[in-house]
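What the coordinates show
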Amino acid sequence: MTTIRLYNTRTRTKEDFVPIDPANVRMYVCGPTVYDRAHIGNARPVIVFDVLFRLLRHVYGPDHVTYVRNFTDVDDKINAEAQRRKEAGDPRPLEELIRERTDETIRWYHEDMAALGTLAPSQEPRATEYIGQMIAMTQDLIDKGHAYAKEGHVLFRVRSYKDYGALSGRSVDDMIAGARVEVAPFKEDPMDFVLWKPSTDDLPGWESPWGRGRPGWHIECSAMSHELLGPSFDIHGGGIDLQFPHHENEIAQSMCAHPDAGFAKVWMHNEMLQVEGKKMSKSLGNFFTVRDLLEGNWSGGWKVPGEVIRFVYLQTHYSKPMDWTEEKAKQAMETLRRWYRFTKDISIGELPFGFMTSLADDLNTAGALSFLHAAYSGGKHHELRAGLEFLGVNLTCVAEWADPEGLLVSLSETDRDRVSELVFLRHQAKQSRDFARADKIRDLLVAAGVKLKDQKDSVSEWELSPDFDPAKLEALK
Ligand code: AMP
Ligand code: ZN
């Protein structure tokens, strides 16, 4: 059996992955707050943990892996969006507007993530369906002396958990110095965080022993993971931005509620995504949703197929910052187009040499791709196809845009320029009677799949055949 090795943020080492129960490998990943379309940064953990899900299913069997990713559907931003609709004249009650907003955002999320080739997790709990479990866990933490109720709030007593900060390697005092902790009259200590807070009458709320209110964000994940995966499970994932305070708080809650269970064994964090070297921001004009890329509403101005987006993401190791650039997207599109032509109508073979070793080595997707490039240059069609399937690059979808019919339209400008330039250089060589050079250029163009129609005394006309391969034009350099 393949040994998977994963970098565990908690222990700061790469470890052999040994499941608690190989018959039911369990993974929890923090999902989105559903107030708007997912941006391309949000898509990163989805793709990263989708690859891990596929790898686990391959090694332990598809029926032996449980992957839970939640929806946070109670949040100020969701309420604010519903409030906006109400102020714009919608007569329906706020509760209904909130439900409509979260339902439509979840539907978009499913559509957009499916376009990126990700599998549906085994379960996708909505926070609002687990309020009872959140109240029960909060009460349990009060009973155990780790939380206290004051003025309709319930707060977690951070200093009651001695290992607080171990995940991010910080002491409580360092965290107070560095973080924007809210000082409030109902807090014993500024570090204490909210498990439950009161709701005003016009906002969503649930009856509880502490009055009508709603859960804090961190208790949601502790309660849902416990309900669906049990007090201890194998892998907990999310973006590095969630490490502190969200994941520290989840650990504090779950470890204090179930001190003997150990909670999540392996913690994995993906690094952030940037756009053209800059942090994504609406004011810089480089903030894009997944839908924007799919529909061409971004700075590149062209529609980026979901498989191409996925392919670009796979090129960077999840633990490294990733840069989304138009250039990468163009190159990924050309590579996939070439690979599609090479593998279509071909059956799936063995995985390429080195592929699985790379992927099992802390999800080295970039390494795995290098073995696909090797399979392509080595003429190993069936293996390339197997690797693409494994990584979730759907060739049926690639066919829709990579088909030769669409070749001229979608070929990148730089490739067309390069062909024009070579055709012109050949013309010049002929004019200066350097026939050896002219013939060399002609052979190159023909080998790359360019059809030449020679004109007497002027530059040849040309067109591309369906198997045009721009990589072959490089040979003249
Ligand atoms: P949120 O809805 O903001 O809680 O984010 C959902 C997920 O997207 C979390 O796992 C975040 O860590 C992740 N995320 C948000 N922004 C980025 C980014 N720029 N790059 C990578 N992941 C991100
Ligand atoms: Zn979480």
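Residues numbered from 1 in each chain as written. Chains lettered and ligands numbered in written order. Predicted model: local features only at pLDDT ≥ 70, side-chain atom pairs only at ≥ 80, totals over all residues. Heavy atoms only, no water.

Examining the overall build of the protein
A count of helical and extended segments in the protein gives 17 helices and 14 strands. Within the protein, the fraction of its 477 residues that count as buried is 52%. When contacts within the protein are restricted to residue pairs at least 6 apart in sequence, those whose partners lie at least 24 apart make up 73%. Approximately 21400 Å² of the protein is accessible, and the part contributed by carbon and sulfur atoms is 50%. Taken as two groups, the 59 positive and 73 negative side-chain charges of the protein have centres that lie 5 Å from each other. (Helix = DSSP H or I, 4+ residues; strand = E, 2+ residues; numbered from the N terminus. Buried < 20%, exposed > 50% of the residue type's maximum accessible area, 1.4 Å probe, protein only. Contact = heavy atoms within 4.5 Å. Areas by Shrake-Rupley, 256 points an atom, 1.4 Å probe, with all protein chains shown as cover. Lys, Arg positive; Asp, Glu negative; His and termini not counted. Charge placed at Lys NZ, Arg CZ, Asp CG, Glu CD.)

A look at the site of ligand 1
In the region of ligand 1, 15 residues are neighbours, and Gly41, Asn42, Gly239, Asp241 and Leu273 sit closest. In this structure, an oxygen atom belonging to ligand 1 sits 3.3 Å away from a main-chain N or O atom of Gly239. Between Leu273 and ligand 1, the recorded distance is 2.8 Å, taken from a backbone N or O atom to a nitrogen atom. Here ligand 1, which alone exposes 490 Å², has 84% of that area covered by the protein. Within the shell around ligand 1, the residues separate by chemical class into six nonpolar, six polar and three charged. (Near = heavy atom within 4 Å. Polar contact = N/O pair within 3.5 Å; in protein donor to acceptor, adjacent residues only side chain to side chain. Nonpolar A, V, L, I, M, F, W, Y, C, P; charged D, E, K, R; others polar.)

Comments concerning the coordination of the zinc ion (ligand 2)
On the protein side, the zinc ion (ligand 2) has Cys30 (SG), Cys221 (SG), His246 (NE2) and Glu250 (OE) as donor atoms, found 2.0 to 2.3 Å from it. Counting the intervening residues between successive donors of the zinc ion (ligand 2) yields the motif C-x190-C-x24-H-x3-E. Here His246 pairs with Glu250, and both are found in helix H7 (residues 243–257), just four residues apart, close to one helical turn. Residue His246 is classed as buried on the basis of its relative accessible area, which comes to 1%. (Donors = N, O, S within 2.8 Å, 3.2 Å for Na, K, Ca; no water.)

Some details on helix H6 (residues 217–229)
An ideal rise of 1.5 Å per residue puts 18 Å on 13 residues; H6 measures up with 19 Å between its terminal C-alpha atoms. For H6, the full list of buried residues reads His218, Ile219, Glu220, Cys221, Ser222, Ala223, Met224, Ser225 and Leu229. (Expected span 1.5 Å × (residues − 1).)

Comments concerning the sheet that holds strand E9 (residues 232–239)
To summarise the sheet geometry, strands pair through backbone hydrogen bonds and adopt either a parallel or an antiparallel arrangement. Ordered by their spatial adjacency, four strands build an open sheet running E4-E3-E9-E10, and the pairing between neighbours is parallel. Here the strands that pair on one side only, and so sit at the sheet edges, are strand E4 (65–69) and strand E10 (263–270). Taking each pair of neighbouring strands and ignoring which way they run, the sheet shows an average axis angle of 20 degrees. Sheet topology places E9 next to E10; seven bridges connect them, and they run parallel. Bridged to Gly238 within E10 is His269. Lying over the sheet, H7 contacts E9 and E10, oriented at roughly 175 degrees with respect to E10. (Pairing = 2+ DSSP bridges. Axes fitted to C-alpha atoms, helices over the stretch in contact; angles between N-to-C directions.)

Description of the environment of Val450
Secondary-structure assignment places Val450 in strand E13 (residues 450–455). On the basis of relative accessibility, which here comes to 4%, the residue Val450 falls in the buried class. Residues Val450 and Val423, 27 residues apart in the sequence, show an inter-C-alpha distance of 9.7 Å.

Just distances and angles here, no functional claims.
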